[in-house]
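# Chains, contacts and geometry: an overview
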Amino acid sequence: MFPVQGSWSESSYLALPSNHLLELNDGCLEVLPTPTYFHELIVEFLYDRLRSFVRDRVCGKVMRAPLPIRLWAGQMREPDVLFLRPERLQRLARAGNRAQPDGADLVMEVVSPGPQNRERDLDVKGLEYARAGIAEYWIVDPELHTITVLRLDGETYQVAGEYNGSQSATSVLLPGFAVSVQATFQAGEAEMA
């Protein structure tokens, strides 16, 4: 009924009837953990802030998972929050709006708990997003209460800033965009009290 692991194509991946978060990694399906309410409140907070900033400046489009983006042939990821510049949106429109975006310009990942998830979000995705040429990668870590902003420098990421406490994380790609670290994590905790 389904392809064997290692032989999944993009079309078979995209045709899956599923409400689970799935990513395509080198022809293999990766089933991601179901997000927690806390995780989704943080994602919603970041999405709302970035979307408001981008909308006010008419400088692109902000989306959130579940929206797979193609990093390269056979490699699809679903960032928690992503930003697409107008040029990328134009290429997507030429390909037909029913296509998946080829990459993104900025992605944000809220780190999921557990060693395997932390490794994927902190290490693996960083290497993949850099290889795909994504200019900026935000790692939002609820365990450490930090936001790390990475900027692409050639083929690897360099730390543009590591923020905690009362600091505000700032974007390199989108000058003027900043998010309070404290408010980000409070967004997940406030509704849980």
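The coordinates are above.
What you see is a predicted model, and the numbers here were worked out from it, not measured in a lab.

### Observations regarding the sheet that holds strand 1 (residues 22-25)
Taking strand neighbours across the sheet as the criterion, the 4 strands line up as 2-1-5-4 in an open arrangement whose pairing is antiparallel. Of all strands in the sheet, those with a lone pairing partner are strand 2 (28-31) and strand 4 (69-72), marking the two edges. Averaged over all adjacent pairs, the angle separating strand axes in this sheet is 35 degrees, with direction ignored. Pairing between strand 1 and strand 2: 4 bridges, direction antiparallel. Within the sheet, the bridge partner assigned to L24 lies in strand 2 and is L29. Contacts from helix 4 (residues 115-131) reach strand 1, strand 2, strand 4 and strand 5 (75-77), with the element oriented near 125 degrees to strand 5.

### Re the packing of aromatic side chains
One pass over the full model with this rule turns up 4 aromatic pairs. For the pair Y137 and Y157, a centre-to-centre distance of 6.0 Å together with 45 degrees between the ring planes defines the contact as tilted. One end of the pair, Y137, is in strand 8 (residues 136-141); the other, Y157, is in strand 10 (residues 156-164), with 20 residues separating them in the sequence. With respect to burial, Y137 and Y157 carry one shared label: buried. Taken together, the aromatic side chains of F53, W138 and F177 make up a single cluster linked through ring pairs. Above the face of the W72 ring, R131 is positioned so that its terminal group lies 3.7 Å from the ring centre.

### Thoughts on empty space enclosed by the protein
Evaluated as defined, the whole model comprises 1 cavity of 30 Å³ or more. Roughly 130 Å³ of volume is contained in the largest cavity. The wall of the largest cavity is formed by 15 residues, among which L32, H39, D80, S112 and K125 lie closest to the centre. For the lining of the largest cavity, the secondary-structure elements that each account for two or more residues are strand 7 (106-110) and helix 4. With 4 residues, the top contributor of residues to the lining of the largest cavity is helix 4. Partitioning the lining of the largest cavity into residue classes produces 6 nonpolar, 3 polar and 6 charged.

### With respect to the sheet that holds strand 10
Spatially, 6 strands are ordered 3-6-7-8-9-10 in an open sheet, and the strand pairing comes out mixed. Only two strands of the sheet have a single partner each, and these edge strands are strand 3 (61-64) and strand 10. When strand polarity is set aside, the average angle formed by the axes of neighbouring strands in this sheet is 15 degrees. Relative to strand 6 (residues 81-84), strand 3 runs antiparallel, the two sharing 4 bridges. Bridge pairing in strand 6 places R64 opposite V81. Contacts between helix 2 (residues 37-57) and the sheet are confined to strand 3, strand 6, strand 7 and strand 8, with strand 3 contributing the most and set at about 170 degrees to the helix. Where helix 4 meets the sheet, it contacts strand 7, strand 8, strand 9 (146-153) and strand 10, and its direction lies at approximately 175 degrees from that of strand 8.

Conventions used here
- Residues numbered from 1 in each chain as written.
- Predicted model: local features only at pLDDT ≥ 70, side-chain atom pairs only at ≥ 80, totals over all residues.
- Heavy atoms only, no water.
- Pairing = 2+ DSSP bridges.
- Helix = DSSP H or I, 4+ residues; strand = E, 2+ residues; numbered from the N terminus.
- Axes fitted to C-alpha atoms, helices over the stretch in contact; angles between N-to-C directions.
- Contact = heavy atoms within 4.5 Å.
- Phe/Tyr/Trp six-rings, centres within 6.5 Å; stacked < 30°, edge-to-face > 60°.
- Buried < 20%, exposed > 50% of the residue type's maximum accessible area, 1.4 Å probe, protein only.
- Lys NZ or Arg CZ within 6 Å of the ring centre and 35° of its normal.
- 1 Å grid on protein atoms, 1.4 Å probe; cavity = no way out; pocket = protein on both sides within 12 Å on 5 of 7 lines; lining within 4 Å.
- Points joined across faces, edges and corners; volume = space filled by probe spheres on them.
- Nonpolar A, V, L, I, M, F, W, Y, C, P; charged D, E, K, R; others polar.

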